[in-house]
Amino acid sequence: QVQLVESGGGLVQPGGSLRLSCAASGFTFSRYFMSWYRQAPGKERELVAIIGSNGGSTNYADSVKGRFTISRDNAKNTVYLQMNSLKPEDTAVYYCNAHWGVTYWGQGTQVTVSS
């Protein structure tokens, strides 16, 4: 059974940091591109960051470049999103995504940036 379980979300003040984790199981994690998406209320889901299967390539949305870092540990079947210098506009539900021919989604974790 395929599972993507996100964790690490919460409430943080502007300028703060959070680290999201996504633990994968039920598929060959090391073959999959892994991504983080987010969806704010009333908005479409958008791609935040993506990392290649071996971690050698990454790409980011312009809105998070220089502030967020995606990484993965294939030995632990886990992908991470380090989020620094958080802004209120980063408030959203963050979803983990796995893609290699087929696509899997996690259930999401809420990130709220507010003073």
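Right above here is the structure, for reference.
Conventions we followed
Residues numbered from 1 in each chain as written. Predicted model: local features only at pLDDT ≥ 70, side-chain atom pairs only at ≥ 80, totals over all residues. Heavy atoms only, no water. Phe/Tyr/Trp six-rings, centres within 6.5 Å; stacked < 30°, edge-to-face > 60°. Buried < 20%, exposed > 50% of the residue type's maximum accessible area, 1.4 Å probe, protein only. Helix = DSSP H or I, 4+ residues; strand = E, 2+ residues; numbered from the N terminus. Lys NZ or Arg CZ within 6 Å of the ring centre and 35° of its normal. Contact = heavy atoms within 4.5 Å.

Peer 1: Is there a simple way to think about the packing of aromatic side chains in this case?
Peer 2: Centre distance and the angle of the planes are the two values used to describe a pair of aromatic rings. Tallying each qualifying case throughout the model produces seven aromatic pairs. Look at Phe-27 and Phe-29: their rings are 6.5 Å apart centre to centre, the planes differ by 50 degrees, and that puts the pair in the tilted class. Residue Phe-27 is classed as buried on the basis of its relative accessible area, which comes to 14%. Ring geometry for Tyr-95 versus Trp-105: centroids 6.4 Å apart, planes at 85 degrees, classification edge-to-face. Here Tyr-95, found in strand E9 (residues 92–100), pairs with Trp-105, found in strand E10 (residues 102–105); they are ten residues apart in sequence, far enough to count as distant. Three or more aromatic residues joined by ring pairs make a cluster, and in this case those are Phe-27, Phe-29, Tyr-32, Trp-100 and Tyr-104. Here the guanidinium or amino end of Arg-45 rests over the ring plane of Tyr-95, the centre of that ring lying 3.7 Å away. The ring of Trp-105 carries Arg-45 above its face, with NZ or CZ at 4.6 Å from the centroid.

Peer 1: Help me understand the environment of Glu-44, please; the structure alone is not making it clear to me.
Peer 2: Tracing the backbone through its elements, the reader meets Glu-44 in the loop between strand E4 (33–39) and strand E5 (46–51). Accessibility expressed as a relative area gives 70% for Glu-44, which makes it exposed. Other than its neighbours up to four places away in sequence, Glu-44 contacts Arg-38 and Gln-39.

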